[in-house]
Amino acid sequence: MQTINFGIDLGTTNSLIARFTGANVEVFKNPVGLKETLPSCVAFRGERIIVGDKAREWLLKDPLNVFASFKRKMGTDENFMVKSKGEFVTPIELSSLVLKELKNFIHNGEVPDSVVVTIPASFDTVQSNATKQAGYEAGFKEVVLLQEPIAASLAFFNKNLAADKEKGKWLVYDLGGGTFDVALIGIDNSEMRVLDHQGDNYLGGVDFDHSLVMKIIVPKLIQQTGNTNLKEQILTRNSSYEKLYYILLLKAEEAKKELSNRETTEIEFEYSSPEGDEDEIIMTISRYELNEVIKDRIEATLLMLEVILERNNLSPSDIEEIIMIGGSTYIPYVRETIAERTQIHVNTEADPSTAVAVGAAYFAGNKPVNIKKEIEKTTSFAQKIPNNLKIQTGYNTTTKDSEEYITASVTNYSGGLFYRITRTDGGFDTGVKPLTPKFGEFVLLLPGRVNSFQIRVFDAQNNPVLAEVDDVNISQGLFSLYGQPLPEDVCIEVDDLNNNSTKCEMIFARNSILPLTKTIYKEISRTIRKGSDDALIINLMEGDANQHPSTNKVVGVIEIRADKLMSDLVKGSDVEIKIEMSESRDVSVSTHLSMTDQQFNEVFSPTKRYVSILKLQDEINEIRGQLELDLDKAVKAEDFELAAQIQEKSAKGKALYEQTKSLKENALTDEKYQLDEAKRKLARQLYTNGVVNNRVLRVKERYYDLMESLQYWLESLQDISVKHQDEIKKLKDTESEVMRSNNYFMAEGHHQKAIKLMNNVILYTPTLLVSYYHHYSSLSPEEYTNFDKVRKEIARGEKALERQHYDELRSAFMSIVSMTKNTEMVETKIKGTGLG
Ligand code: ADP
Ligand code: MG
């Protein structure tokens, strides 16, 4: 088994490459300057492209041709204009340039085809795909993605093997340049699982730098120079102060770093007034000022940390330690605040800069290369292995024991041959033994490392015989990973006919371990005529499956247009949808239409997401409009508590809208992605609290009414089947959590279950069937759509009643119900059964 071995931390600010060497990890150094970190910074100078420290230095001289922090734009459709070339580059291209540069760090001439690249745990599918794409563009043939908190913990725990970290729960707090991630890690028997995580892709050191510029430096500068337009101009692309913004960002970052070691620092820069006067500005910045501008963001990280604890029913004493990584955790205020407020021990032993790359390499050291070696297989093996001798092995790839049993089975076995297993360091050797169709060996392992073994075959003269056999790699004592969790629910959008809307149907729940596969069966909800301009839409989304689809993000859409259909797709016919997601988040969806016997396959690898400010404003206004309506209703109903809640949300909506108004499509910051995120949050609160038309309250009322009847029947009727008795109890047992959630979609789901159960109870409990039959068979003639037919059914029903033939009675009853005009009550009651 050949393993990937190479791991890359493709960071917002800094990137690193490391290699697993069997027992350890080597972090490669830049041949120029011998630093381990490569600033994720790209400069264009004429025809030359410069990456890293030199590019960063160039930022001061020619900021418009130097690009940094582009990781935050991964997965968006935003491009960067290279002034000197008059061309646009994409965040993917810029990232691939960083990856290519990292390849130069490998000093032993190795050129890896496969690599592990880390991503923030909260990267969605689009951002993940964009990262893989950058890897391919940098020349890698296989790119395996690994979530950063997992990488960091692999590094931390593998470095502290001796420590008694056999069992327990840790938090990894990663505050870097561009993103924040906090992950809950559980360890049991050296196996590590990510139990939960929270993160924000737009929270990190560059935000601190930006705030320091906008809230401290620029106001001071305005005070000193009297140029009140500065605040606006400095953030406008192509304005005369755009360059100053980049320079101040850099100065702010330097100051911020210095303030990790002292109480005050000074920055110096050139300022030229609108009239063209040059000025040398010297400004003092204090640690207190820095702390003030980052305070709110640190609060936000604390909140996410608390959410994780709460969601997992943990108290601070259940957590062993908080492992701090990421360059921004050097800031004393961060360490102190987190320790003080959580009362959990903060561990700063991990190297904040290299932990992620080191962990990625550990992971890579256990990950088999998975590129089809076609040339090797078709030429060298076919030619050189005349009798197709092949040995397949089986063993545990990780163990805590000091030895491991390898089993082997031989295909195309022929007699007179021998085998020998050796450990590559020479410390273990089975000696030459006769080859049998099946054999097994205990092999000895060195502790705390990956042990590699070779299996070779010989003939009677001890000449080597070619055989197709993989190397054996067994990792002893190292922490292993149970798997990578899915960061958000993956769902598809389906019709919500009861509400004339759509809703989400869960496919994979968040925190499920990748890779994942699921097949679901749906019914067509309306007839789609062949050749019409209608289409069947399969919309795969990610986010929260218990929310309205508008609050979630689209992963990919399959549109099966009616002109592609072999025949009409009739309402009620079956659709089979199979969704697969790989560990590196490749998504494929195959759809089979049973009616037309057609299959549609699609692989989703979207690498861009577009956020339009106009659309954003539209959506925010729609939410605000809804809130206005609800406010009216609440006021009329004199429900002032609810009105106050709605007003609070309205104010948020208004503030968001105001913010979008001051945005420009080509603004320098990523504020529009942040606002888009905020809009989704607002929409989520709206639907969660059911403020919109108070839908959730109505559903709850209807549900409790139904349950009251069911409960009454349960207590008073003798002939309810045991099965139905159990089902009623089960529904009751699970209701409190669902109803407490105040989530409309969850409540409605439970309500639908109750309707379905109620229908079945009526149909299959003789006492109820008889009484409902009497009711429906005694309506006045004009209440039926076809009274003649109803009369016949009544005659059939009466006979069945006399003979106590309940199957027959049920059938007559259902016919009668289906011919009843005023069906409101009946329809909701009968529809859910799927009968008829
Ligand atoms: P990323 O993973 O996003 O590339 P890193 O973990 O390398 O980021 O952290 C980079 C961030 O850490 C930058 O914003 C940088 O300014 C900040 N940083 C680095 N050293 C210090 C320090 N001594 N004090 C405060 N911030 C620091
Ligand atoms: Mg990082």
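Quick notes on the rules
- Residues numbered from 1 in each chain as written.
- Chains lettered and ligands numbered in written order.
- Predicted model: local features only at pLDDT ≥ 70, side-chain atom pairs only at ≥ 80, totals over all residues.
- Heavy atoms only, no water.
- Helix = DSSP H or I, 4+ residues; strand = E, 2+ residues; numbered from the N terminus.
- Buried < 20%, exposed > 50% of the residue type's maximum accessible area, 1.4 Å probe, protein only.
- Contact = heavy atoms within 4.5 Å.
- Areas by Shrake-Rupley, 256 points an atom, 1.4 Å probe, with all protein chains shown as cover.
- Lys, Arg positive; Asp, Glu negative; His and termini not counted.
- Charge placed at Lys NZ, Arg CZ, Asp CG, Glu CD.
- Axes fitted to C-alpha atoms, helices over the stretch in contact; angles between N-to-C directions.
- Parallel < 35°, antiparallel > 145°, perpendicular 65-115°, else oblique.
- Left-handed = near helix turned anticlockwise from the far one by under 90°.
- Nonpolar A, V, L, I, M, F, W, Y, C, P; charged D, E, K, R; others polar.
- Pairing = 2+ DSSP bridges.
- Core = buried A, V, L, I, M, F, W, Y, C linked by side-chain atoms within 4.5 Å.
- Salt bridge = Lys/Arg side-chain N within 4 Å of Asp/Glu carboxyl O.
- Patch = residues over 30% accessible without salt bridge, like charges linked within 9 Å, V, L, I, M, F, W, Y side chains within 5 Å.
- pLDDT = per-residue confidence, 0-100.
- Near = heavy atom within 4 Å.
- Polar contact = N/O pair within 3.5 Å; in protein donor to acceptor, adjacent residues only side chain to side chain.
- Phe/Tyr/Trp six-rings, centres within 6.5 Å; stacked < 30°, edge-to-face > 60°.
- Lys NZ or Arg CZ within 6 Å of the ring centre and 35° of its normal.

Peer 1: Is there a simple way to explain the overall build of the chain in this structure?
Peer 2: Broken down by element type, the chain carries 21 helices and 39 strands. Expressed along its principal axes, the backbone C-alpha trace of the chain runs to roughly 95 × 95 × 60 Å. Counting over 836 residues, the chain shows a buried share of 50%. Looking at the chain alone, contacts between residues at least 24 apart form 68% of all its contacts between residues at least 6 apart. Working note: accessible area of the chain is about 39,300 Å², and carbon and sulfur atoms make up 48% of it. A gap of 3 Å separates the mean positions of the 100 positive and 125 negative side-chain charges of the chain.

Peer 1: Would you explain the packing of helix H5 (residues 205–225) against helix H8 (residues 287–311) in this entry?
Peer 2: Between H5 and H8, the least distance of the axes is 9 Å, while the angle of their chain directions is 135°. In this view, H5 runs oblique relative to H8, as classed from their interaxial angle. In this structure, H5 meets H8 at a crossing whose hand is right-handed. Two secondary-structure elements touch here, H5 through Asp207, Phe208, Ser211, Leu212, Lys215, Ile216 and Lys220 and H8 through Glu289, Leu290, Val293, Ile294, Arg297 and Ile298. Considering only residue class, the contact of H5 with H8 consists of 7 nonpolar, 1 polar and 5 charged.

Peer 1: Just to check I follow, could you spell out the pairing of strand S1 (residues 6–10) for this structure?
Peer 2: The two faces of the sheet receive side chains in turn, since in a regular strand these alternate between them. In terms of burial, S1 is largely enclosed, as 5 of its 5 residues are buried. Of the two faces of S1, the one lined by Phe6, Ile8 and Leu10 and the one lined by Gly7 and Asp9 are each fully buried. In the sheet, S1 pairs with strand S2 (residues 14–20) via 5 bridges, with the strands oriented antiparallel. The residue bridging Gly7 from the neighbouring strand is Ala18, located in S2. Between S1 and the antiparallel strand that follows it, S2, lie 3 residues.

Peer 1: Would you take a moment to explain the nonpolar core for this structure?
Peer 2: Judged by nonpolar contacts, the single largest core of 50 residues is most densely connected at Leu171, Tyr173, Ile217, Phe269, Ile298, Ile322 and Ile338. Excluding residues that lie within four positions of it along the chain, Phe269 makes contacts with Ile217, Leu221, Leu244, Leu248, Lys251, Asp279, Glu280, Ile281 and Met283.

Peer 1: Help me understand the pattern of salt bridges, please; the structure alone is not making it clear to me.
Peer 2: Applying the stated criterion across every chain, the model contains 32 salt bridges. Across the pair Arg791 and Asp788 runs a salt bridge whose closest N-O atoms are separated by 3.3 Å. Residue Arg791 and its partner Asp788 are located together in helix H19 (residues 787–803), separated by 3 residues, close to a single helical turn. By relative accessible area, which is 48% here, Arg791 ends up partly exposed. Notably, a salt bridge pairs Arg810 with Asp807, separated by 3.1 Å at the nearest N-O pair. With Arg810 and Asp807 both in helix H20 (residues 806–818), this residue pair falls 3 residues apart, about one helical turn. A relative accessible area of 13% means that Arg810 is categorised as buried. Exposure remark for Asp807: the relative accessible area of 58% places this residue in the exposed category. Three or more residues are tied together by salt bridges with common partners; here these are Arg56, Glu253 and Lys257.

Peer 1: It is not clear to me how a nonpolar patch on the surface should be interpreted in this structure. Could you clarify?
Peer 2: A contiguous nonpolar surface patch, about 220 Å² in accessible area, is contributed by Ile537, Val554 and Val557. Looking at the element boundaries, Val554 is found in strand S35 (residues 553–561). For Val554, a relative accessible area of 37% translates into the label partly exposed.

Peer 1: It is not clear to me how the side chain of Ser15 should be interpreted in this structure. Could you clarify?
Peer 2: Secondary-structure assignment places Ser15 in strand S2. The residues touching Ser15, leaving out its near neighbours within four places in the chain, are Asp9, Leu10, Glu36, Thr37, Leu38, Ser40, Val98 and Leu102.

Peer 1: Would you mind going over the confidence of the model for the chain with me for this structure?
Peer 2: Low pLDDT means the predicted coordinates in that region are not meant to be read closely. Mean pLDDT over the chain works out to 85, with 92% of the residues at or above the 70 mark. Confidence scores differ between elements of the chain, with helix H21 (residues 824–831) showing the lowest mean pLDDT of 33 and S1 the highest of 97. Every residue in residues 824–836 scores below 50 in pLDDT, and together they form 21 contacts with partners more than four places removed in sequence or on other chains.

Peer 1: Looking at this structure, how should I read the site of ligand 1?
Peer 2: In the neighbourhood of ligand 1, 17 residues make up the surrounding shell, with Thr13, Gly177, Glu253, Lys256 and Ser260 lying closest. Measuring from an oxygen atom of ligand 1, one finds a backbone N or O atom of Thr12 at 3.1 Å. Between ligand 1 and Glu253 there is a distance of 2.6 Å, counted from an oxygen atom to a side-chain nitrogen or oxygen. The fraction of the free accessible surface of ligand 1 (580 Å²) that becomes covered by protein chains is 88%.

Peer 1: It is not clear to me how the packing of aromatic side chains should be interpreted in this structure. Could you clarify?
Peer 2: Tallied over the full model, the rule gives 16 aromatic pairs. Judged by centre distance (5.9 Å) and plane angle (10°), the ring pair of Tyr241 and Tyr271 falls under stacked. With Tyr241 in the loop between helix H6 (230–233) and helix H7 (242–258) and Tyr271 in strand S16 (residues 264–272), this residue pair connects regions lying 30 residues apart in the sequence. What makes Tyr241 buried here is its relative accessible area of 6%. Overall, Tyr271 belongs to the buried group, its relative accessible area being 3%. Geometrically, the ring pair formed by Trp713 and Tyr772 is edge-to-face, given 6.5 Å between the ring centres and 85° between the ring planes. Of this pair, Trp713 sits in helix H15 (residues 695–716) while Tyr772 is found in helix H18 (residues 766–777), placing the two residues 59 residues apart along the sequence. Each member of the pair Trp713 and Tyr772 is classed as buried. The lysine or arginine in question, Lys71, covers the ring of Phe123, its NZ or CZ lying 6.0 Å from the ring centre.

Peer 1: When you look at the sheet that holds strand S33 (residues 516–523) in this model, what are you seeing that I'm missing?
Peer 2: Strand-to-strand pairing in sheets goes through backbone hydrogen bonds, with the strands running parallel or antiparallel. Overall, antiparallel pairing links the 4 strands, which are arranged S33-S36-S37-S38 in an open sheet. Strands at the two margins of the open sheet, each flanked by one partner only, are S33 and strand S38 (598–604). Neighbour-to-neighbour, the strand axes of this sheet turn through a mean angle of 15°, independent of strand direction. Relative to strand S36 (residues 574–581), S33 runs antiparallel, the two sharing 8 bridges. Each residue of the ladder has a partner; that of Lys522, found in S36, is Val575.

Peer 1: I keep staring at the sheet that holds strand S7 (residues 66–68) and nothing clicks. Help me out?
Peer 2: In space, the 3 strands of this open sheet follow the order S6-S5-S7, with antiparallel pairing throughout. Each end of this open sheet is capped by a strand with a single partner; those strands are strand S6 (48–51) and S7. Each neighbouring strand pair of the sheet contributes to a mean axis angle of 15°, computed without reference to strand direction. Note: strand S5 (residues 41–45) against S6, 4 bridges, orientation antiparallel. Following the sheet pairing, Ala43 is matched in S6 by Ile50. Packed onto the sheet, helix H1 (residues 53–61) meets S5, S6 and S7 and runs at close to 65° relative to S5.

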